[in-house]
Amino acid sequence: MPLDFAVSLATATAQASGTAFPWLSASILFPIAAALCIPFVPDKGEGKQVRWFALGVALTTFLLTVGGYLNGYDPSNPNLQLVEKVSWLPDLGLAWSVGADGISMPLILLTSFITALAVLAAWPVSFKPRLFYFLLLAMDGGQIAVFAVQDMLLFFLAWELELLPVYLLLAIWGGKKRQYAATKFILYTAGSSLFILLAGLAMAFYGGHTSFDYTDLMAKGFSVKFQLLAYAGLLIAFGVKLPIVPLHTWLPDAHGEATAPVHMLLAGILLKMGGYALLRFNCQILPDAHAVFAPLLVVLGVVNIIYAALTSFAQRNLKRKIAYSSISHMGFVLIGIGSFSALGSSGAMLQMISHGLIGASLFFLVGATYDRTHTLQLDEMGGVGQKMRKMFALWTVCSLASLALPGMSGFVSELMVFVGFATDEAYTLPFRVVITGLAAIGVILTPIYLLSMLREIFYGKEKAELVAHTHLVDAEPREIYIIGCLLVPIIGIGLYPRLMTDTYRASMEQLVGLDSRAVQALNAPTGSAALIRQAPLRAPGLG
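Numbers given to residues run from 1 along each chain, matching the order in which its sequence is written. Local features in a predicted model are, by the rule used here, given only for residues with pLDDT of at least 70; side-chain atom pairs are given and counted only at 80 or more, and totals for whole chains, interfaces and linings are based on all residues. The basis for every side-chain value is the complete set of heavy atoms in the structure, and neither hydrogens nor water enter the calculation.

**A word on empty space enclosed by the protein**
Quick note on the threshold: Lining residues are defined by having an atom within 4 Å of a point belonging to a cavity or pocket. Those points lie on a 1 Å grid over the protein atoms alone, cavities being sets where a 1.4 Å probe fits but cannot get out and pockets being open sets with protein on both sides within 12 Å along at least five of seven lines. Grid points are joined across faces, edges and corners, and a volume is the space filled by probe spheres set on the points. For the purposes of this entry, the term helix denotes a DSSP run of H or I that reaches at least four residues, the term strand denotes a run of E that reaches at least two, and both are numbered from the N terminus.
This structure, assessed with the given rule, holds 5 cavities of 30 Å³ or more. If you trace the largest cavity, you find 14 residues lining it, with His-329, His-355, Ile-358, Gly-359 and Ser-402 closest to the centre. Put simply, the parts of the chain that give the lining of the largest cavity at least two residues each are helix H14 (318-338), helix H15 (342-373), helix H16 (389-402) and helix H17 (409-422). By residue number, the principal contributor to the lining of the largest cavity is H15, which donates 6 residues.

**A few points about the environment of Val-149**
To be explicit about the condition: Contact between two residues is taken to exist if any of their heavy atoms lie within 4.5 Å; hydrogens are not considered.
Positionally, Val-149 belongs in the loop between helix H5 (129-148) and helix H6 (152-161). In sequence terms Val-149 and Glu-84 are 65 residues apart; their C-alpha atoms lie 9.4 Å from each other. Here Val-149 is in contact with Ser-97, Val-98, Leu-154, Phe-155 and Tyr-214, once residues within four sequence places are set aside.

**What about the pattern of salt bridges?**
Convention followed: A carboxyl oxygen of Asp or Glu within 4 Å of a side-chain nitrogen of Lys or Arg is what we treat as a salt bridge. Only protein chains enter the area calculation, which uses a 1.4 Å probe; residues under 20% of their type maximum are buried, those over 50% are exposed, and those in between are partly exposed.
Evaluated as defined, the whole model comprises 10 salt bridges. With its nearest N and O atoms 2.7 Å apart, the salt bridge here joins Arg-372 to Glu-479. Of this pair, Arg-372 sits in helix H15 while Glu-479 sits in helix H20 (residues 477-495), placing them 107 residues apart in sequence. Both residues of the pair, Arg-372 and Glu-479, belong to the buried class.

**Brief notes about the environment of Tyr-214**
Positionally, Tyr-214 belongs in helix H9 (residues 214-218). A residue is classified by how much of its surface remains accessible, and Tyr-214, at 2% relative accessible area, is buried. With 153 residues separating them along the chain, Tyr-214 and Gly-367 place their C-alpha atoms 40 Å apart. Excluding residues that lie within four positions of it along the chain, Tyr-214 makes contacts with Val-149, Gln-150, Asp-151, Met-152, Phe-155, Arg-280, Phe-281 and Ile-285.

**As for a nonpolar patch on the surface**
We count it as follows: Each patch is built from residues lacking any salt bridge and having more than 30% relative accessible area; the joining distance is 9 Å for like charges and 5 Å for nonpolar side chains (Val, Leu, Ile, Met, Phe, Trp, Tyr). Under the convention used here, a 1.4 Å probe and the Shrake-Rupley method define accessible areas, while residue burial counts only the protein chains that appear.
A surface patch of nonpolar side chains, about 290 Å² in accessible area, is lined by Leu-343, Phe-411, Leu-415 and Val-419. Top element by residues in the nonpolar patch is H17. It accounts for 3 residues. Of note, Val-419 is situated in helix H17.

**Let's talk about the packing of H5 against helix H7 (residues 163-173)**
In a pair of packed helices, the angle between the axes and the distance between the axes together describe the arrangement. Test applied: Between the N-to-C directions of two axes lies an angle of 0 to 180 degrees, each axis being a line fitted to C-alpha atoms and, for a helix, fitted only over the stretch in contact. Put simply, angles under 35 degrees are roughly parallel, angles over 145 are roughly antiparallel, angles from 65 to 115 are roughly perpendicular, and the rest are oblique. Put simply, a crossing is left-handed when the front helix is turned counterclockwise from the back one by less than a right angle, and right-handed when it is turned clockwise.
Between H5 and H7, whose axes approach to 9 Å, the crossing angle comes to 155 degrees. Considered as vectors, H5 and H7 are oriented roughly antiparallel to each other. Crossing geometry of H5 relative to H7 is assigned as left-handed. The residues of H7 that touch H5, namely those facing Leu-131, Phe-132, Leu-135, Leu-136 and Met-139, are Pro-165, Val-166, Leu-168, Leu-169, Ile-172 and Trp-173.

**With respect to the pairing of strand S2 (residues 94-100)**
The following threshold applies: Strands are treated as partners if at least two bridges between them are detected by DSSP.
Counting buried residues along S2, 7 of its 7 residues qualify, which places the element largely inside the surrounding structure. Going residue by residue along S2, you find Leu-94, Trp-96, Val-98 and Ala-100 tucked away on one face and Ala-95, Ser-97 and Gly-99 tucked away on the opposite face as well. Sheet topology note: the strand S1 (residues 81-89)/S2 ladder contains 6 bridges and is antiparallel. Looking across to S2, one finds that Ser-87 is bridged to Ala-95.

**Thoughts on the packing of aromatic side chains**
The description of two aromatic rings rests on the distance between their centres and on the angle between their planes. Convention followed: Between 30 and 60 degrees the pair is tilted, below 30 it is stacked and above 60 it is edge-to-face, where a pair is any two Phe, Tyr or Trp rings, Trp via its six-membered ring, whose centres lie within 6.5 Å.
Enumeration over the complete set of coordinates arrives at 28 aromatic pairs. Ring plane angle 85 degrees and centroid distance 6.3 Å describe the contact between Phe-155 and Phe-238, whose orientation is recorded as edge-to-face. Here Phe-238 lies in helix H10 (residues 224-241) and Phe-155 lies in helix H6, a separation of 83 residues in the sequence. You can call Phe-238 buried: its relative accessible area is 0%. Judged by centre distance (5.2 Å) and plane angle (45 degrees), the rings of Phe-421 and Tyr-427 are tilted. A relative accessible area of 2% means that Phe-421 is categorised as buried. Judged by relative accessible area, which is 2%, Tyr-427 ranks as buried.

**A few points about the packing of helix H4 (residues 105-121) against helix H12 (residues 260-285)**
Note the following rule: In this count, Pro and Cys sit with the nonpolar residues alongside Ala, Val, Leu, Ile, Met, Phe, Trp and Tyr, while Asp, Glu, Lys and Arg are called charged and the others, Gly among them, polar.
Between H4 and H12, the least distance of the axes is 8 Å, while the angle of their chain directions is 165 degrees. Taken together, the axes of H4 and H12 lie roughly antiparallel to each other. Handedness of the crossing formed by H4 with H12: left-handed. Every residue of H12 that contacts H4 at Leu-107, Leu-110, Thr-111, Ile-114, Thr-115, Leu-117, Ala-118 and Ala-121 is listed here: Pro-261, Met-264, Leu-265, Gly-268, Ile-269, Lys-272 and Tyr-276. Looking at side-chain class alone, the contact of H4 with H12 contains 11 nonpolar, 3 polar and 1 charged residues.

**Focus: H12**
What counts is decided by this rule: The span one expects for a helix is its residue count, reduced by one, times 1.5 Å. Fitting one axis to the seven residues ending at a residue and another to the seven starting there, the bend at that residue is the angle between the two axes.
Across its 26 residues, H12 extends 36 Å between first and last C-alpha, which sits within 8% of the 38 Å expected from 1.5 Å per residue. Maximum bend of H12: about 35 degrees, positioned at Leu-266. Burial analysis of H12 places 26 of its 26 residues in the buried class, the great majority of the element.

**So, the layout of surface pockets**
What the largest pocket holds in volume is close to 830 Å³. Forming the walls of the largest pocket are 35 residues, and the residues nearest its centre are Gly-175, Glu-257, Ala-258, Lys-319 and Tyr-370. Only helix H8 (178-205), helix H11 (250-257), H12, H14, H15 and H20 provide two or more residues apiece to the lining of the largest pocket. Per-element accounting of the lining of the largest pocket gives the leading share, 5 residues, to H15. Looking at side-chain class alone, the lining of the largest pocket contains 15 nonpolar, 10 polar and 10 charged residues. Of the volumes computed, that of the second largest pocket is approximately 510 Å³.

**Description of the confidence of the model for the protein chain**
Parts of the model with low pLDDT should not have their predicted coordinates read in detail. To keep it simple, the criterion reads: Confidence per residue, as judged by the predictor, is encoded in pLDDT with a range of 0 to 100.
Looking at the protein chain, pLDDT values average 88 and 92% of them are 70 or higher. Per-residue pLDDT stays below 50 along residues 1-18; that stretch engages in 23 contacts with residues further than four places along the chain or on separate chains. In this model residues 526-543 is a low-confidence stretch, pLDDT under 50, and it forms 37 contacts with partners more than four residues away in sequence or in other chains.

**Description of the nonpolar core**
Soluble globular proteins: nonpolar side chains tend toward being buried together. Convention followed: Residues belong to one nonpolar core when they are buried, are Ala, Val, Leu, Ile, Met, Phe, Trp, Tyr or Cys, and are joined through side-chain atoms within 4.5 Å.
Of all hydrophobic cores here, the largest spans 195 residues; its most connected members are Phe-155, Phe-238 and Trp-395. Per-element tally for this core: the top contributor is H12, with 17 residues. Residues in contact with Phe-155, not counting those within four places in the same chain, are Val-146, Val-149, Ile-196, Tyr-214, Phe-238, Tyr-276, Ala-277 and Phe-281.

**A word on the side chain of Thr-115**
The criterion, for reference: Pairing of N or O atoms within 3.5 Å defines a polar contact, subject to two protein rules: one partner must be a possible hydrogen donor and the other a possible acceptor, and residues neighboring in sequence count only if both atoms are side-chain atoms.
Along the polypeptide, Thr-115 turns up in helix H4. Under the relative-accessibility criterion, Thr-115 is labelled buried at 1%. A polar side-chain atom of Thr-115 sits 2.7 Å from the main-chain carbonyl oxygen of Thr-111. Among all residues touching Thr-115, those that are not within four sequence positions of it are Leu-136, Asp-140, Gln-143, Leu-265 and Ile-269.

So this is what it looks like as C-alpha cells:
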C-alpha cells in the first residue's frame, strides 16, 4: 500500500538523519500516498466524501510543515536544517535528500497553506471529483518537494511531477479554450525543463566526481565559462515559470481557462517555484555568473513591471487582467534577486510570499464572481455591488492589498525592494536612478487598473440583462472564511513584517554575502575575474 511505503521510507529517513520525526519527508510523501488511496474512498459519485478526505489530508500536510518549522527549524541558523538523507543509487551519487533553510522554509509553509485553502475552494466541484482531488493532493506533495529536496535530479523529478496535474486540471475542468491553454502550458514548461536536466547533468558530472547534491555542487568550483552557460540555460527554464517577459504568454491563457482552485495554485505557488529556483541555483550555486547576469535580471524585472501593468490595464477579460497583474508584481522579485543588498534580496522573498497570498485571494474572488455573473467581460458587468455587498467588501480589501496599500504585505515587500536596490552600491548611481524611476511607473499604474476594475464590476447602473439571467447571491460563509484566512497573514505581515522576515533573514544575508564576494571578484584586475570581464553576456551598469 502507498501509505505503508511512505511510512517505511520516512522512518528510514529519520533513522538516517538522526531526527525524532521526518517532517519534510512526511510532508512530501503523505499527500502523494493519500492521493493514491482516493480510489478506495467510499463515495456515491458526488464527491462529498472525497472532498472531506482531501481536506483532511491537506490540513494534515499543513500541520506537518508547521510542525517541522516549530520543532526542527531555527530561523537564526543560515545553514540547512531538518536534513533527511537516504542513499538511493550510490554508484551514481543519487540519494533521497531533503532539507530546509531560509530560502525554502517560508515557501514550504506557503505551499501547504495555499493548497489547503484551494481544496476548500474546490468544494463545489462535482465533475470527476476523485480525479480532481487526486491531482490537487499530488501537486501538494510535488510542490513541497520542489522547495525541500537537496538533490538536483530529485529537483528535476519534482519539477516535472507538477506538470501533469496542472495540464489535466486545465484540460478537463477548464473553460472553452481549455485544450489550447493546457497544450500551451505543457509545451512551454516541459520544453523549458530540458534546460534544467541538461544543466543538472553537466554540473553533476563536472570535474570527474559525480554528485547531484546541492552542497557538493557548490563546492565543485565551476569555471566561469561553464557557469555562464549553465546560468543562461537555467534562466530560460526558470524564467518560463516565473514568468519573465517574453516567456510569459502561457500564463494569461492558463489563468483564462482555469477554475478557482487551480488559479490559487498557479498564482500562489507555481510562479514562486521560478523565483525560488533562481535564488537556489543561479544565485547560490553559480554566484560568479550571477554577478554577470544580475543587471540583466534587473532590466527584465522593469520590463515585467511596466509591460504587464500596461497590458493589464488594456484587458477587458477579468481573469486575464489579474493574470497580467501577477506578471507585473513578479517583476519586483526579479529586481530584488538582481540586487546585492540584503534588504533588496529579502524584499524579493517577501514579495513572493506576499504575492502568493494576494494572488490566491484575487483569483479566488474572480472564480466566485464568475459563478454568479457567468461572464468575465467587464463590459457585461456593472452595478452588482448593490446586491453583493460582502463580495464587494472582499474585492476591495484584496485589491487594496494588491496595489500595495500601507498596512498590507505588498507595501512592505515592494518598499524593501525599492530601498534595497536604490541603496545597492554594487550598481552605478545613474543605473539605480533609472531603474527605480521606471519601476515606480508600475506602482502608479497598479492602482489605476485595479480601482477602475472595481468601478466597472460593482459601481454604476445595474445591468438589467445581467440581473435577469443570473442569481446574484452575496458571499457565502465558506468564501468569507477562505478570504479571511488569506487576509490574516497579509495584514499581519503588513503591520509587523518581522513575522516573516525573521524566518529567512540569516539565510538571505549569507546568500547576499556569497554573491557580493563574486561582485568583488568581478572587479578584480587579475585571475578568474578577468575572464568574467571578457564575458560577452555581461550586462551594463555594474559598478
